[in-house]
Every structure is written in structure tokens, then in C-alpha cells.
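Next come the chains, spelled out residue by residue.
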Amino acid sequence: ITAVGQPQTKMIIDYVHQHKTADLFMAAICLGAMAGNATDKEFSCLETYAQNIGIAFQIVDDILDYQEEEQELTCLSILSMEEAKALAKHHIDTAKESLNMFEPETVKFMIFLADYIIERTY
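Rules used throughout
Residues numbered from 1 in each chain as written. Predicted model: local features only at pLDDT ≥ 70, side-chain atom pairs only at ≥ 80, totals over all residues. Heavy atoms only, no water. Phe/Tyr/Trp six-rings, centres within 6.5 Å; stacked < 30°, edge-to-face > 60°. Helix = DSSP H or I, 4+ residues; strand = E, 2+ residues; numbered from the N terminus. Buried < 20%, exposed > 50% of the residue type's maximum accessible area, 1.4 Å probe, protein only. Salt bridge = Lys/Arg side-chain N within 4 Å of Asp/Glu carboxyl O. Core = buried A, V, L, I, M, F, W, Y, C linked by side-chain atoms within 4.5 Å. Contact = heavy atoms within 4.5 Å. Patch = residues over 30% accessible without salt bridge, like charges linked within 9 Å, V, L, I, M, F, W, Y side chains within 5 Å. Areas by Shrake-Rupley, 256 points an atom, 1.4 Å probe, with all protein chains shown as cover.

## A word on the packing of aromatic side chains
According to the stated counting rule, one finds two aromatic pairs in the structure shown. Both rings, one in Phe25 and one in Phe57, keep their centres 5.5 Å apart while their planes meet at 50°; by these two values the pair is tilted. Here Phe57 lies in helix H2 (residues 40-65) and Phe25 lies in helix H1 (residues 10-35), a separation of 32 residues in the sequence. Between Phe109 and Phe112 the ring centres are 6.0 Å apart and the planes differ by 35°, which places this aromatic pair in the tilted class. Highlighted residues: Phe109 and Phe112, both in helix H4 (residues 108-119), separated by three residues, approximately one helical turn. The class of Phe109 is exposed, set by a relative accessible area of 57%.

Have a look at this one:
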């Protein structure tokens, strides 16, 4: 909220993406990992996954909201559409790679969620 009206810089966009969205994904996934007695290595992998899908979710949200007349603070103020899509894909790929230590069947829904985030439309 305090970033609205300020010059839109990469540092501000990154801060907003982290604390507006990624932190919520991290809280949900990390609390689940703690409740499931994840090992330190598992917790670290899940934390990486959560942070990356959270950031990708917000980038995709910025892209989907781009058509609105009233623009708020979005990554498209500093990135081209192609750069934003590539960055979202990078975060999704990183998130999915962070799950490599788990059995594929165990993380099947998490892979589905990551794919859905990058492919979602209104």
C-alpha cells in the first residue's frame, strides 16, 4: 500500500511481489511442512517452491490485470510483456525443480498448481 504512488523501480516491484503474495504462499506451505515434520532439506525445498510460485502468481496477475484502465503498481511498468512472461516461467521452473527430491506422486498436485499458475486466464 505504501508503494502506490512511488516511482516504480525493480526494488519496489520485487518488494511488493515478495510481501504482497509470495509471503502468503510461503506461510501456507511452510506451516504445512512444519505440521508434517519436514526435514530441514525438505523444508528448504518447499520454501523455495512457495516463494517462486508466489512471485510467479503475482507476475501473472499483473499480466492479466494489464488491460484495466487504472494501473496500479505492476511489473509491467518496468518489464515488457515478454520479459514478464519469461520471468514468471523462470519462477515456475525454479519452483518445480525445487521438488525434485520428492517422489513424483507425492508432489503431483504441487506440480499441477505451478502449471496452473503460469497458464491461468480469466
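## Topic: the pattern of salt bridges
Taken as a whole and judged by the stated rule, the model has five salt bridges. Of the charged contacts, one joins Asp115 and Lys96 as a salt bridge, the two residues approaching to 2.6 Å between their closest N and O atoms. Of this pair, Asp115 sits in helix H4 while Lys96 sits in helix H3 (residues 81-97); the two residues are 19 residues apart in sequence, bridging distant segments of the chain. Notably, a salt bridge pairs Glu105 with Lys108, separated by 3.4 Å at the nearest N-O pair. Owing to a relative accessible area of 57%, Glu105 belongs among the exposed residues under this scheme. Overall, Lys108 belongs to the exposed group, its relative accessible area being 51%.

## Some points on the nonpolar core
Leu46, Tyr49, Ile53 and Leu99 are the most contacted members of the largest nonpolar core, which totals 18 residues. Put simply, the parts of the chain that give this core at least two residues each are H1, H2, H3 and H4. Counting residues per element, this core draws most heavily on H2, at six residues. Apart from residues lying up to four places away in sequence, Tyr49 is in contact with Ile29, Ala95, Ser98, Leu99, Met110, Ile111, Leu113 and Ala114. Counting 13 residues, the second largest nonpolar core, distinct from the first, contains Ile12, Ala22, Val60 and Ile63.

## A short note on a nonpolar patch on the surface
On the surface, Phe109, Phe112 and Tyr116 cluster together into a nonpolar patch covering about 380 Å² of accessible area. Here Tyr116 lies in helix H4.

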